[in-house]
Amino acid sequence: MLDAPALKSLYTRMPGGEAAVLGQLQQDGVYTPVNLTSAQRRPLTFRQQVALAEANIIGNFINWDIWAADLGVSEPKVGDRVTDAAGVVWTIQMIELTLLKQRYRCTAVMDR
């Protein structure tokens, strides 16, 4: 049976990700870029879709999976921005740390 450290080593990054840039919002209002090599887009869960509908929140939302191995010692925060390869900017609204603290699931809305 695998212990937690061995299991963590298996899940540092998943194949099939895309290059993106995480802009980390600093206190002075400037975004510091962090290159992501394996960010992954995921649709909202049904539960997330229901919660947004019940709250009358409208927008183009998506989940971004960002791997801790891409970030080093930094962590994403609400208000940070993910810029995808097409130049579309997504602002992070909510963050959940998952998969043995190896992946951040960031719910983000597309900027207009």
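Okay, so let's go over this structure. As the structure is a prediction and not an experimental result, all values here were calculated from the model.

Let's talk about unusual backbone geometry
Move 1: Positive phi is not limited to glycine here, since Asn-56 has a value of about 55°.
Move 2: As for its position among the elements, Asn-56 is in the loop between α2 (46-54) and β3 (61-67).
Move 3: Accessibility expressed as a relative area gives 66% for Asn-56, which makes it exposed.

Some remarks on the sheet that holds strand β2 (residues 31-42)
Sheet strands pair via backbone hydrogen bonds, and the direction of the pair is either parallel or antiparallel.
Move 1: Strand order in the closed barrel made by the 6 strands is β1-β2-β3-β6-β5-β4, with antiparallel pairing throughout. Geometrically, the sheet is characterised by an average inter-axis angle of 45° between neighbouring strands, direction not taken into account.

Quick word on the pairing of strand β5 (residues 89-98)
Move 1: Here strand β4 (residues 81-83) pairs with β5 via 3 bridges, running antiparallel. Opposite Val-82, over in β5, you have Trp-90 as the bridge partner.
Move 2: Turn length for the β4-β5 hairpin, with the two strands adjacent in sequence and antiparallel, is 5 residues, and the turn residue Gly-87 shows positive phi of about 90°.
Move 3: Pairing geometry for β5 and strand β6 (residues 103-110), over 8 bridges, is antiparallel. Paired with Thr-98 across the two strands is Arg-103, which belongs to β6.

Cut-offs and rules
- Residues numbered from 1 in each chain as written.
- Predicted model: local features only at pLDDT ≥ 70, side-chain atom pairs only at ≥ 80, totals over all residues.
- Heavy atoms only, no water.
- Helix = DSSP H or I, 4+ residues; strand = E, 2+ residues; numbered from the N terminus.
- Buried < 20%, exposed > 50% of the residue type's maximum accessible area, 1.4 Å probe, protein only.
- Pairing = 2+ DSSP bridges.
- Axes fitted to C-alpha atoms, helices over the stretch in contact; angles between N-to-C directions.

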